[in-house]
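Below are the chains, spelled out letter by letter.
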Amino acid sequence: MHYYELTVTTFLLTDINFDKANEKIAQAINQTMAQDEELLDKHMQNGYKYYVFNSFYPLEQDKVYKAGRVYVFKIRSLDQVFITKIKRLLPQTANTNFKVLATELTTQKLRYISELYTLTPVVITVDNKHWLPGNNFMLLQERLHANVEKKFKSFYGESIIPKTNFIQRIEVLNKKPIAYKYKNTKIFGNKFKVTVNEDPISQKLAFIAAACGLGEKGSALGMGFCYTY
C-alpha cells in the first residue's frame, strides 16, 4: 500500500480568511481537474475521489492569510495518476487567489500508525446533521470506521473483515465545533486525536484515513486531513 503526497508552495495574491482557505484551495484543484479530460470525468462522477488536502501553512495569529506572503499546503491521494497530473497542471492553472511557485511529490508506504491527529476538522453527518461534542461517541466511531472501510473497498476492489473498530480511543481536541465556509453555507467539524488498534486490518484502515481523509468532505473541502504518529 502507498499514498502520494504533493507539497504545494504558493504566493498569495489576495488576503484569505482561514474559514475560507480550504474552499479556495478546493476551487483551484477543481479548476485544475477541468484542464484534463480524465480528471474532469473523475471530478464529475459521484463517489469517493481518494484525495484530501490541508490548509495554508504557516498559520496566522489573526486567522487571515496575507497577500504577498508564501504559504504551503499538501494534497494526498491513493491515486498516482491523479496526483501526477495535478502536480503538472496545478502550476499552469490560473486563479485569482494564489500563484503556485513549486510542487514536490513524495511516496508514503504503509507503516505502523499509533495515533492520528486531525489538522483539519472531521465532518460526520448523522440524520442530516453534523456530529457535535455531546452526541453519541459510539456512533461517531462506527461512522468513522465505516467511512474508511468503504474507501478501502472502493479503491482496492476487495473486502476486508475487521475483528474490531480500527479506533481504540478517540478524544475531541476542540472546545466548540469549528466552522468552515462552503457553498454559501457553513460546515461544522471537530478535531480529534485517534488512537489506532495494532492489528493489521486496523493499521490498513488508519493508513487509508491518512491517505484520503478521516470522515466526510475530504476531497470537497479538505476535511479530516491527518498527521500521523
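Structure: see above.
Residues numbered from 1 in each chain as written. Predicted model: local features only at pLDDT ≥ 70, side-chain atom pairs only at ≥ 80, totals over all residues. Heavy atoms only, no water.

(A) Molecular detail of unusual backbone geometry. Cis peptide bonds are those with omega within 30 degrees of zero, and the linkage from Y57 to P58 qualifies with 10°. Looking at the secondary structure, you find P58 in the loop between strand 3 (51-53) and strand 4 (64-65). Positioned with a positive phi, Y50 is a non-glycine residue whose angle comes to about 65°. Within the element layout of this structure, Y50 appears in the loop between helix 2 (37-44) and strand 3. At N184, a position not held by glycine, the phi torsion is positive, near 60°. In this structure, N184 sits in the loop between strand 11 (178-182) and strand 12 (185-189). On the basis of relative accessible area, N184 is assigned to the exposed category, the value being 88%. (Helix = DSSP H or I, 4+ residues; strand = E, 2+ residues; numbered from the N terminus. Buried < 20%, exposed > 50% of the residue type's maximum accessible area, 1.4 Å probe, protein only.)

(B) Looking closely at the sheet that holds strand 5 (residues 70-77). Spatially, 3-5-1-6 is the arrangement adopted by the 4 strands of the open sheet, whose pairing is antiparallel. Of all the strands in the sheet, the pair left with one neighbour each is strand 3 and strand 6 (98-109). Going from strand to strand, the sheet's axes swing by 20° on average, the running direction of each strand aside. Sheet topology places strand 3 next to strand 5; 3 bridges connect them, and they run antiparallel. Pairing of V52 across the sheet is with R76, part of strand 5. (Pairing = 2+ DSSP bridges. Axes fitted to C-alpha atoms, helices over the stretch in contact; angles between N-to-C directions.)

(C) Here's a closer look at the packing of helix 2 against helix 3 (residues 80-89). Interhelical geometry of helix 2 versus helix 3 gives an angle of 120° and a closest axis separation of 11 Å. Taken as a pair, helix 2 and helix 3 cross one another with a handedness that is left-handed. Taken together, the residues of helix 3 that come into contact with helix 2 (itself represented by E38, L39 and K42) are V81, F82, K85, I86 and L89. Its residues assigned to classes, the contact of helix 2 with helix 3 shows 5 nonpolar, no polar and 3 charged. (Left-handed = near helix turned anticlockwise from the far one by under 90°. Contact = heavy atoms within 4.5 Å. Nonpolar A, V, L, I, M, F, W, Y, C, P; charged D, E, K, R; others polar.)

(D) Fine view of the nonpolar core. Ranked by internal contacts, the top residues of the largest apolar core, which has 30 residues, are L116, L144, F166, V194 and L214. Looking at this core, the elements with two or more residues in it are helix 4 (137-156), strand 10 (167-172), strand 13 (192-196) and helix 5 (200-212). Looking at this core element by element, the count peaks at 8 residues for helix 5. When neighbours within four sequence positions are excluded, V194 is seen to be in contact with S114, E115, L116, I167, R169, I170 and L214. Judged by nonpolar contacts, the second largest core, of 26 residues, contains A21, I25, I75 and L90. (Core = buried A, V, L, I, M, F, W, Y, C linked by side-chain atoms within 4.5 Å.)

(E) Quick peek at helix 1 (residues 18-33). Taking 1.5 Å as the rise per residue, helix 1 with 16 residues should run 22 Å; its terminal C-alpha atoms sit 24 Å apart, in good agreement. Among the residues of helix 1, D19, A21, N22, E23, I25, A26, A28, I29, T32 and M33 are the ones counted as buried. (Expected span 1.5 Å × (residues − 1).)

(F) Spatial organisation of the sheet that holds strand 14 (residues 226-228). Judged by pairing direction, the sheet is antiparallel, and its 4 strands sit side by side in the order 10-13-7-14 without closing on themselves. For this open sheet the edge positions go to strand 10 and strand 14, each flanked by a neighbour on one side alone. Across the sheet, the mean angle from the axis of one strand to that of its neighbour is 20°, orientation sign disregarded. Note that strand 10 and strand 13 share 5 bridges and pair antiparallel. Directly across from I167, in strand 13, lies its bridge partner V196.

(G) Up close: the packing of helix 1 against helix 3. Closest axis-to-axis distance for the helix 1/helix 3 pair is 10 Å, and the angle between their directions is 100°. As summarised for this structure, helix 1 and helix 3 are arranged roughly perpendicular, according to the angle between their axes. The segment helix 1 lies against helix 3, with I29, T32 and M33 engaging F82, I86 and L89. For the contact of helix 1 with helix 3, the class distribution of residues is 5 nonpolar, 1 polar and no charged. (Parallel < 35°, antiparallel > 145°, perpendicular 65-115°, else oblique.)

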